[in-house]
Amino acid sequence: MNKDLQLREEINKRLEQVRTKKMKDPYRLAFHLTPPVGLMNDPNGLVYFKDKYHVFFQWNPFGTKHTFKAWGHFSSEDFIQWEEHPPALVPSEWYEKDGCYSGSALTHQGKLYLFYTGNVRTNNGGRESYQCLAVSEDGIHFEKQGPVIELPKGYTSDFRDPKVWREKDRWYMVVGAQTESLEGTVVLYSSLDLLKWKLEGPLAGPGISMSNKFGYMWECPDFFSLDGKDVLIYSPQGLESQQYQFQNLYQSGYIIGSWNRQTKRFEHGKFQELDYGFDFYAPQTFTDNKKRRILIAWMGMGDEQEQNHPTVQNDWLHALTIPRELRVKEGKIYQRPINELKTLRKSHFEASFNLVHEQKEIDIYTQLQEIMIEINKFDGKELSLHLQGNWKLTYFKDQGVVTFERMRFDRSEKETRKCLVETVKHIHILQDHSSVEIFLNNGEKVFTSRFYSESTCTHCLLSVDGSAALHWQNWDLDSFCF
Ligand code: FRU
């Protein structure tokens, strides 16, 4: 039997064996994409093709570690009703034998093209990486075309995650890279036919567009124009943690500026993080049929807590974030949940509160919640929202700091993430069974995190140290349909 078929049969067997375990898991998510079984990491190949949104993802169906990597596949017409498909790519060929790694999708002349990295481990413990192409007519079955780019001189084999787009008569590709002097960077290619690629050189990085080293590897680059600016998103590894920045093991963020299409020079501002929570990495964006720039990220982190997620016992791990629409305003990216998610809203509660040094309990009847708070006036020190047993968000007005607290997965202690926000006027929260995404000031700052509580929380505690006039709304939410 050929290797491709053999792997697909093994995956099907595995799905039959363990899928029901996940369905019974109290922490399974209701309106997030999760792996059918096994481990999910980066979103891949986000694209609108033949009237459907396609979301591919890094998938190890055989376990919850980063060993085997195929491309899993979901599609939807509306981001609410999802269909699960057979894996788009399984690592069956010599040039991808140790993983069909991350990449992107595009549509051209009625076909869907996937560019991805073929990861190969060599006998002496080294690595080879190939940027590969696979093409499909129906968006479900893909024909592999093999490698189109081999490792260029000057870089280590940590060279991966191609993102391809078109401008005028040309295709461009950015690839995440590490130079031979172990510095993170992004490399640009161009092509007229998607098959032959010309190396244009580094697009950004130390010695190119910044003076100092900024991490040892940049993963998952994405380059696009939005609201008159050019934006490069990437996930740098190796940044030192600071009080209000780079608090996770790996980061994801962006630089904004202007890219001169003739000289290929990219002049940009400083790196800004996309998210301040515990579980956000390797985001990817695409434009849809409504011309929106939509971002989805891996709602996870490959850190020392990875195998402590209780879902591992039920043979699944991690999820993708909700889709978020991006806008650029005053040099910053703003992220907002896409409008389609409003169709998940069920019963609604709304009230205005004037609180003076007090705590207000608000009943919530399900873990699936959307909460929106407008802070019309706040004189005081602290304002916090506590979903007991779950997590706590606190705004320290004098310091201009917001903190997010959750219990460590091994339940040994609480842990905190922080970010600087001058004034908080608006808080928008989407909570699933074991995840929460918090958007401050219409998406100026975001916290994305998983949490695992042992009891079901039935109320929120709103506490004000000072006086505050707030408008509160919350909705019980529905689940995605499969
Ligand atoms: C990011 C990443 C990518 C790689 C993929 C492998 O999380 O390390 O750089 O292509 O995951 O699963």
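In this report, we go over the structure that sits alongside the text.

Rules of the game
- Residues numbered from 1 in each chain as written.
- Predicted model: local features only at pLDDT ≥ 70, side-chain atom pairs only at ≥ 80, totals over all residues.
- Heavy atoms only, no water.
- Phe/Tyr/Trp six-rings, centres within 6.5 Å; stacked < 30°, edge-to-face > 60°.
- Helix = DSSP H or I, 4+ residues; strand = E, 2+ residues; numbered from the N terminus.
- Buried < 20%, exposed > 50% of the residue type's maximum accessible area, 1.4 Å probe, protein only.
- Core = buried A, V, L, I, M, F, W, Y, C linked by side-chain atoms within 4.5 Å.
- Contact = heavy atoms within 4.5 Å.
- Near = heavy atom within 4 Å.
- Polar contact = N/O pair within 3.5 Å; in protein donor to acceptor, adjacent residues only side chain to side chain.
- Areas by Shrake-Rupley, 256 points an atom, 1.4 Å probe, with all protein chains shown as cover.
- Nonpolar A, V, L, I, M, F, W, Y, C, P; charged D, E, K, R; others polar.
- Pairing = 2+ DSSP bridges.
- Axes fitted to C-alpha atoms, helices over the stretch in contact; angles between N-to-C directions.

Attention now goes to the packing of aromatic side chains. Here the structure, examined in full by the defined rule, presents 35 aromatic pairs. An angle of 25° between the planes, with centres 4.0 Å apart, marks the rings of Tyr 53 and Phe 79 as stacked. Note that Tyr 53 is positioned in strand β2 (residues 52-60) and Phe 79 in the loop between β3 (70-76) and β4 (82-89), a separation of 26 residues in sequence. You'll find Tyr 53 and Phe 79 in the same group, each marked buried. Taken together through their ring pairs, the aromatic side chains of Tyr 48, Tyr 53, Phe 79, Trp 82, Phe 286 and Phe 480 make up a single cluster.

A word on the nonpolar core. Counting residues in hydrophobic clusters, the biggest one holds 37 residues, and the most contacted among them are Phe 31, Leu 33 and Phe 480. Among the secondary structure elements, those contributing two or more residues to this core are α1 (3-23), β1 (38-49), β2, β3, β19 (293-298) and β31 (459-477). With residues up to four places along the chain from it excluded, the contact list for Phe 480 reads Ala 30, Phe 31, His 32, Leu 33, Phe 79, Ile 80, Trp 82, Leu 341 and Leu 344. Counting residues in each nonpolar core, the second largest holds 36 residues, with Leu 387, Val 402, Leu 440 and Cys 460 among its members.

Take the site of the ligand next. Lining the immediate environment of the ligand, one finds Asn 41, Asp 42, Gln 58, Lys 69, Tyr 101, Ser 102, Arg 160, Asp 161, Glu 219, Tyr 281 and Trp 298. For the ligand, an oxygen atom lies 2.8 Å from a polar atom in the side chain of Lys 69. Here an oxygen atom of the ligand sits 2.9 Å away from a polar atom, N or O, in the side chain of Glu 219. Within the complex, the protein chains bury 90% of what would otherwise be the 320 Å² of accessible surface of the ligand. Counting residues per element, the ones that place at least two in the shell around the ligand are β1, β5 (100-108) and β9 (160-167). Along the lines of polarity and charge, the residues of the shell around the ligand split into 3 nonpolar, 3 polar and 5 charged.

This paragraph deals with the sheet that holds strand β20 (residues 316-317). If you trace the 5 strands from one edge of the open sheet to the other, you get β4-β3-β2-β1-β20, paired in mixed fashion. Across the chains shown, the open sheet's two edge strands, defined by having one partner strand only, are β4 and β20. Relative to β3, β2 runs antiparallel, the two being bridged by 7 bridges. When the bridges of β3 are listed, His 54 appears paired with Ser 75. Each of β2, β4 and β20 touches α1; the most contacted strand, β4, lies at about 145° to it.

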